Amino acid sequence: MRKGLDKTFLDNNLLRSPQFMAFPPAAKGWWLQLQALCSSQENSGRLTGAGRWGNGEWQAAMGSGGSKLAFKKLLDLGLVKQAGDDVMVSGYHLESQAKFQAARMNGAKGGQAS
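Numbers given for residues are sequential positions, taken from 1 along each chain in its written order. Totals for whole chains, interfaces and linings use all residues, but because this is a predicted model, local features are given only for residues with pLDDT of at least 70 and pairs of side-chain atoms are given and counted only at 80 or more. With hydrogens and water stripped out, all remaining heavy atoms of the structure feed into the side-chain values.

J.: For this particular structure, what's the right way to read the side chain of D86?
T.: Runs of H or I in DSSP of at least four residues are treated as helices and runs of E of at least two as strands, each being numbered from the N terminus. Inspection of the secondary structure assignment puts D86 in strand β3 (residues 86–89). Using a 1.4 Å probe on the protein chains alone, a residue whose accessible area is under 20% of its type maximum counts as buried, one over 50% counts as exposed, and one in between counts as partly exposed. When its relative accessible area of 14% is taken as the criterion, D86 is described as buried. A distance of 2.9 Å separates a polar atom in the side chain of D86 from the backbone nitrogen of G49. Throughout this description, a polar contact denotes any pair of N or O atoms lying within 3.5 Å of each other; where both atoms belong to protein, one of them has to be capable of donating a hydrogen while the other can accept it, and for residues adjacent in sequence the pair is counted only when both atoms sit in side chains.

Okay, here's the thing in structure tokens:
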């Protein structure tokens, strides 16, 4: 069974930007939970079908206070984007995901007998 990333990589330039720092604390917390979910699933920051989620799915994904209304707030702030029924989490660190996937593949090759 494949294990997802156990680390979430965030761009400090984004986190320390005046725009991000001005966001409401709850929105930053929901966004951080979505970042962690995406990295654990290694889904490149794309939550497939999340545009159709109800309050229960958003609560499970975002934690306390997560809901369709919270999702709409993240949309309004630009912390997520909707592409059809999929939701893209802004600022997801694709490069880190790719590096860890490559390292995992290289590690698997190194453990194989020749």
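J.: Is there a simple way to think about the packing of helix α4 (residues 55–62) against helix α5 (residues 68–77) in this case?
T.: For any two helices packed against each other, the geometry is given by the interaxial angle and the distance between the axes. Between α4 and α5, the shortest axis-to-axis distance is 8 Å and the interhelical angle comes to 65 degrees. Between α4 and α5, the contacting residues are N55, W58 and M62 on the first element and K68, A70, F71 and L74 on the second. Of the residues assigned to the contact of α4 with α5, the class counts are five nonpolar, one polar and one charged. In this analysis, axes come from line fits to C-alpha atoms, helices being fitted only over the stretch in contact, and the angle between any two N-to-C directions falls in the range 0 to 180 degrees. Two residues qualify as a contact provided that any one of their heavy atoms is within 4.5 Å of a heavy atom in the partner residue. Residue type decides the class: Asp, Glu, Lys and Arg count as charged, Ala, Val, Leu, Ile, Met, Phe, Trp, Tyr, Cys and Pro as nonpolar, and the leftover types, Gly among them, as polar.

J.: Just checking my understanding: could you explain helix α3 (residues 25–41) for this structure?
T.: Helical geometry note: an α-helix holds 3.6 residues per turn, so side chains three or four residues apart project in the same direction. Each helix should span, by expectation, one fewer than its residue count multiplied by 1.5 Å. For α3, spanning 17 residues, the distance from its first C-alpha to its last is 25 Å, which sits close to the expected 24 Å at 1.5 Å a residue. The complete set of buried residues in α3 reads A27, W30, W31, L34, Q35, C38 and S39. Positive backbone phi, at 50 degrees, marks E42, one or two positions downstream of α3.

J.: Sorry if this is basic, but what is going on with the packing of α3 against α4 here?
T.: Relative to each other, α3 and α4 sit at 80 degrees, their axes nearing to 8 Å. The angle between α3 and α4 places the two elements in the roughly perpendicular class. Seen from α3, the contacting residues are W30, Q33, L34 and L37; seen from α4, they are W58, A61 and M62. Of the residues assigned to the contact of α3 with α4, the class counts are six nonpolar, one polar and no charged. These descriptions rest on fixed angle ranges, namely under 35 degrees for roughly parallel, over 145 for roughly antiparallel, 65 to 115 for roughly perpendicular, and the rest for oblique.

J.: I'm lost on the pairing of strand β2 (residues 80–83) in this one. Help?
T.: Every other side chain in a regular strand lies on the same face of the sheet, so the side chains alternate between the two faces. Alignment of β2 against β3, held across four bridges, turns out to be antiparallel. If you follow V80 over to β3, its bridge partner there is V89. Two strands pair if DSSP finds at least two bridges between them.

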